[in-house]
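Here is what each chain is made of, one letter per residue.
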Amino acid sequence: MPPGTRGALVQRVTIRPDGPLDVRWLPISSAPLDLGQILLSWEPASHSGMDVTARLGLATTEVLLATWPAAPDDWPHLVRPTLAEVTSLCAALKVATAAIEYANRLARS
């Protein structure tokens, strides 16, 4: 990771094994993650590969989503399924939350 960055913010991920994993660098001084955002960080493992960590933004905090210790050099292929599933679940949660809020507004009318 470049100096001065906290990690790579996942912008887009596909479930296809050869599909894109688009990210943008997130500066160390950045605000906490927004709901559903995923941040990847990595560093060389002690023997070989990379120690990869994913953090997930929730409504009021960030949580550890997953770790992949000593992941092989092609680790993006390893983490892609988890990132795709969590991204889809967060999108579904946002839709369900919006639907509940809308139903509540209708009920008050």
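Below: a short report on this structure.

Cut-offs applied
What you see as residue numbers is a count from 1 along each chain, following the sequence as written. Totals for whole chains, interfaces and linings use all residues, but because this is a predicted model, local features are given only for residues with pLDDT of at least 70 and pairs of side-chain atoms are given and counted only at 80 or more. For the side-chain quantities, the full set of heavy atoms in the structure was used; hydrogens and water were omitted. Nonpolar core, defined: a set of buried Ala, Val, Leu, Ile, Met, Phe, Trp, Tyr and Cys residues in which side-chain atoms within 4.5 Å join the residues together. Between buried and exposed lies partly exposed: a residue is buried under 20% and exposed over 50% of the maximum accessible area for its type, with that area taken using a 1.4 Å probe on protein chains only. By the criteria applied, helices consist of DSSP H or I runs no shorter than four residues and strands consist of E runs no shorter than two, each listed in order from the N terminus. Here, two residues are considered to be in contact whenever any of their heavy atoms come within 4.5 Å of each other. Paired strands are those between which DSSP finds at least two bridges. Orientation is described by lines fitted to C-alpha atoms, with helices fitted over the stretch in contact, and by angles between N-to-C directions that extend from 0 to 180 degrees.

## Quick notes on the nonpolar core
Then, number 1: Residues Leu40, Val52, Trp75 and Leu83 are the most contacted members of the largest nonpolar core, which totals 20 residues.
Then, number 2: Looking at which element gives the most residues to this core, the answer is helix α1 (residues 75-108), with six residues.
Then, number 3: Excluding residues that lie within four positions of it along the chain, Val52 makes contacts with Leu40, Ser41, Trp42, Ala66, Thr67, Trp68, Ala71, Trp75 and Val79.

## Considering unusual backbone geometry
As a rule of thumb, non-glycine residues mostly have phi less than zero, and peptide bonds are mostly trans rather than cis.
Then, number 1: Positive phi values are uncommon outside glycine, yet Ala70 reaches one of about 50°.
Then, number 2: Within the secondary structure layout, Ala70 lies in strand β5 (residues 62-71).
Then, number 3: The exposure class assigned to Ala70 is partly exposed, which follows from its relative accessible area of 47%.

## Focus: the sheet that holds strand β2 (residues 21-27)
Then, number 1: Here we have five strands laid out as an open sheet, ordered β2-β1-β3-β4-β5, and antiparallel in their pairing. Among the strands making up the open sheet, the edge pair consists of β2 and β5. Looking at each pair of strands side by side, their axes are set apart by 30° on average, direction ignored.
Then, number 2: In terms of strand pairing, strand β1 (residues 5-13) meets β2 through seven bridges, oriented antiparallel. The residue bridging Leu9 from the neighbouring strand is Arg24, located in β2.

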